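# Descriptive structure summary
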Amino acid sequence: MPTDELVMRRPDDWHVHLRDGEMLAGVAAYTARQFGRAIVMPNLKPPITTMAQARAYRERIRAAVPEGVAFEPLMTAYLTDTISPEEVLAGFREGVFTACKLYPAHATTNSAHGVTSVAAIRAVLEAMQRADMPLLVHGEVTAKDVDVFDREAVFIDRVLGPLRADFPELRIVLEHITTSEAVAFVRGHAKMGATITPHHLEINRNALFEGGLRPHMYCLPTAKREKHRLALREAATSGDARFFLGTDSAPHSVSAKESDCGCAGIFGAPYALESYAKVFDEEGALAKLEAFASEFGPAFYGLPLNEERVRLERAPVPVPHTLSVGGDVVRPFHADATLAWRYAGEDV
């Protein structure tokens, strides 16, 4: 008999973009509705590089969450070539920074201030390793001679492998993985974790070109070949604690996506748990969704599990073509489709 209801510990989102200003005010409720905590990305303009900036951003996020909704934003420091180890460690000790984020310069949205080489931040990484502070990595090289679909695999070979060898005790999360090479690397090295998005579990690179150019399926790292999608689905549903939920929900207005230089990002927050439930159901692994969504992430970060329970029901959920967000219009992931699972809120 198929399961028609799933009660699970409230999950967390270990990788999300909440933006700022009107967009933040429009999207924060979607993440807070389903997740107890979220690792919030620091790639704003200007980026979040100091404790003062992180505290102020955290308060803006809290103000954007609907009253009565319990949600904890976990802040990250944006690593630059010149960031101070003392600032990073002080922020970690004082509970302002949960982790640091490494963006290779120009790898993705608002990453112009990112790291030009690991050598430039060696002192910061040494300090993080001593303090047991997690490093979150956007795993792509940006060299123009590397094919865009190979950027993750080449990053693992050229950058992450040597970094892992140089800092064997540093806790590292390889974010939003997209390849079988990433799955294998995470499984083959200690102190490693990885987040997996709903869209990389659902689409391969053909989705970018189905019947024409599909800008709302464009994200970074971009979706890869079908063999890689299948490798991600196996990893996510395997019960391996190194892989956990991270939506990489990244809202952009429809006009910004449908432009002559469209933005990278997929807005997955509104139907995130429904999307993951779809995949785990298709893989015959619904019993493993709670661990992936609610247990493995906190274990990696050394945080307590959420006590609240939430409920998913097998019921049709039509996803609208667009959503009004912060005075703009945004296309959600699975737009115009009907999902088979409905998030029914807290189980009381």
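The structure displayed is predicted, hence computed values, not measured ones. Position labels on residues start from 1 in each chain and follow its written sequence. Two thresholds apply to this predicted model, a pLDDT of at least 70 for residue-level local features and 80 or more for giving and counting side-chain atom pairs, whereas whole-chain, interface and lining totals are computed over all residues. Hydrogens and water are ignored here; the side-chain numbers use all heavy atoms of the structure.

### Thoughts on the pairing of strand β10 (residues 309-318)
The pairing of strand β1 (residues 5-9) with β10 spans five bridges and is classified as antiparallel. Residue Val-7 lies in a different strand from β10, and its bridge partner there is Arg-311. Only strands joined by at least two bridges in the DSSP assignment are considered to pair. Helix and strand definitions follow DSSP, with helices as H or I runs of at least four residues and strands as E runs of at least two, each counted in order from the N terminus. For β10 and strand β13 (residues 338-346), the ladder comprises six bridges, and the chain directions are antiparallel. By the bridge assignment, Glu-313 is partnered in β13 with Arg-342.

### Description of the layout of surface pockets
Method remark: on a 1 Å grid restricted to protein atoms, a set of points is classed as a cavity if a 1.4 Å probe fits but cannot get out and as a pocket if it is open with protein on both sides within 12 Å along at least five of seven lines; lining residues have an atom within 4 Å of a point. Grid points are joined across faces, edges and corners, and a volume is the space filled by probe spheres set on the points. Taken as a whole, the largest pocket spans an internal volume of roughly 310 Å³. Throughout this entry, Asp, Glu, Lys and Arg are counted as charged residues, while Ala, Val, Leu, Ile, Met, Phe, Trp, Tyr, Cys and Pro are counted as nonpolar. The remaining residues, Gly among them, count as polar. Here the lining of the largest pocket is composed, by residue class, of seven nonpolar, two polar and four charged.

### A short note on empty space enclosed by the protein
The tally for this structure, following the rule as stated, stands at three cavities of 30 Å³ or more. Of the voids in this model, the second largest cavity is the one considered here, and its volume is about 60 Å³. Lining the second largest cavity are His-216, Ala-250, Pro-251, His-252, Lys-257, Gly-265, Ile-266, Phe-267, Val-330 and Arg-331. Class assignment of the residues belonging to the lining of the second largest cavity gives a composition of five nonpolar, three polar and two charged.

### Thoughts on the pattern of salt bridges
The salt bridge definition used is simple: a Lys or Arg side-chain nitrogen within 4 Å of an Asp or Glu carboxyl oxygen. Counted according to the given criterion, the structure contains 26 salt bridges. We note a salt bridge from Arg-171 to Asp-132, for which the minimum N-O separation is 3.0 Å. Pair noted here: Arg-171 is in the loop between α5 (151-166) and β7 (172-174) and Asp-132 is in the loop between α4 (122-131) and β6 (135-137), with a separation of 39 residues, a long-range link. For the salt bridge of Arg-151 with Glu-140, the shortest nitrogen-to-oxygen distance reads 3.5 Å. Here Glu-140 lies in the loop between β6 and α5 and Arg-151 lies in helix α5, a separation of 11 residues in the sequence. In this scheme, a residue with accessible area under 20% of its type's maximum is buried, one over 50% is exposed, and one in between is partly exposed, where area comes from a 1.4 Å probe on protein chains only. Glu-140 sits in the buried class, given a relative accessible area of 0%. Residues joined by salt bridges that share partners form a network here, namely Glu-5, Arg-311, Glu-313, Arg-342 and Asp-347.

### What about the nonpolar core?
Residues Leu-135 and Leu-289 are the most contacted members of the largest nonpolar core, which totals 84 residues. Here a residue-residue contact requires only that any non-hydrogen atoms of the pair lie within 4.5 Å. In this structure Leu-135 touches Leu-79, Cys-100, Leu-102, Leu-125, Met-128, Leu-163, Leu-170, Arg-171, Ile-172 and Val-173, once residues within four positions along its chain are discounted. Counting residues in hydrophobic clusters, the runner-up holds 14 residues, among them Ile-39, Met-41, Phe-244 and Phe-300. Buried residues of nine kinds, namely Ala, Val, Leu, Ile, Met, Phe, Trp, Tyr and Cys, make up a nonpolar core once their side-chain atoms join them within 4.5 Å.

### Things to note about the side chain of Thr-237
Within the secondary structure, Thr-237 is located in the loop between α8 (226-236) and β9 (243-245). Polar contacts here mean pairs of N or O atoms no more than 3.5 Å apart (in protein, one a potential hydrogen donor and the other a potential acceptor; neighbouring residues in sequence count only if both atoms are side-chain atoms). Within the structure, Thr-237 has its side chain in polar contact with the backbone oxygen of Arg-233 (distance 2.7 Å). Among all residues touching Thr-237, those that are not within four sequence positions of it are Phe-280, Glu-283, Ala-285 and Lys-288.

### Structural notes on the packing of helix α6 (residues 180-188) against α8
The interhelical angle for the contact between α6 and α8, taken along N-to-C directions, is 35 degrees, at an axis separation of 8 Å. Here α6 contributes Ser-180, Glu-181, Val-183 and Arg-187 to the contact with α8, which in turn contributes His-228, Ala-231, Leu-232, Glu-234 and Ala-235. A fitted line through C-alpha atoms represents every axis, and for helices the fit uses only the stretch in contact; the resulting angles, taken between N-to-C directions, go from 0 to 180 degrees.

### As for α5
With 16 residues, α5 extends 21 Å from end C-alpha to end C-alpha; this agrees with the ideal 22 Å at 1.5 Å per step. Bend, at a single residue, is the angle you get between axes fitted to the 7 residues ending at that residue and the 7 residues starting at it. At Leu-160, α5 shows its largest bend, some 40 degrees, and a proline, Pro-162, comes one to four positions later. Those residues of α5 that sit buried are Arg-151, Glu-152, Val-154, Phe-155, Ile-156, Leu-160, Leu-163 and Arg-164. One less than the residue count of a helix, multiplied by 1.5 Å, gives the span that helix is expected to have.

### Side note on the pairing of strand β5 (residues 97-102)
In terms of residue burial, β5 counts as a mostly covered element, since six of its six residues are buried. Sheet topology places strand β4 (residues 72-78) next to β5; four bridges connect them, and they run parallel. Looking at the pairing, Tyr-78 lines up with Lys-101 of β5. Following the backbone out of β4, through helix α3 (residues 85-93) and into the adjacent parallel β5, one traces a crossover that is right-handed. By the bridge criterion, three bridges tie β5 to β6 in an arrangement that is parallel. Handedness of a crossover is defined as follows: orient the strands so they point away from the viewer, and if the path from the first strand over the helix to the second runs clockwise, the crossover is right-handed.

### Digging into helix α10 (residues 272-282)
Here α10 lies mainly inside the structure; eight of its 11 residues are buried. Where α10 is concerned, the buried positions are Ala-272, Leu-273, Glu-274, Ser-275, Tyr-276, Ala-277, Val-279 and Phe-280. Looking one or two places after α10, you find Gly-284, whose phi comes out positive at around 65 degrees.

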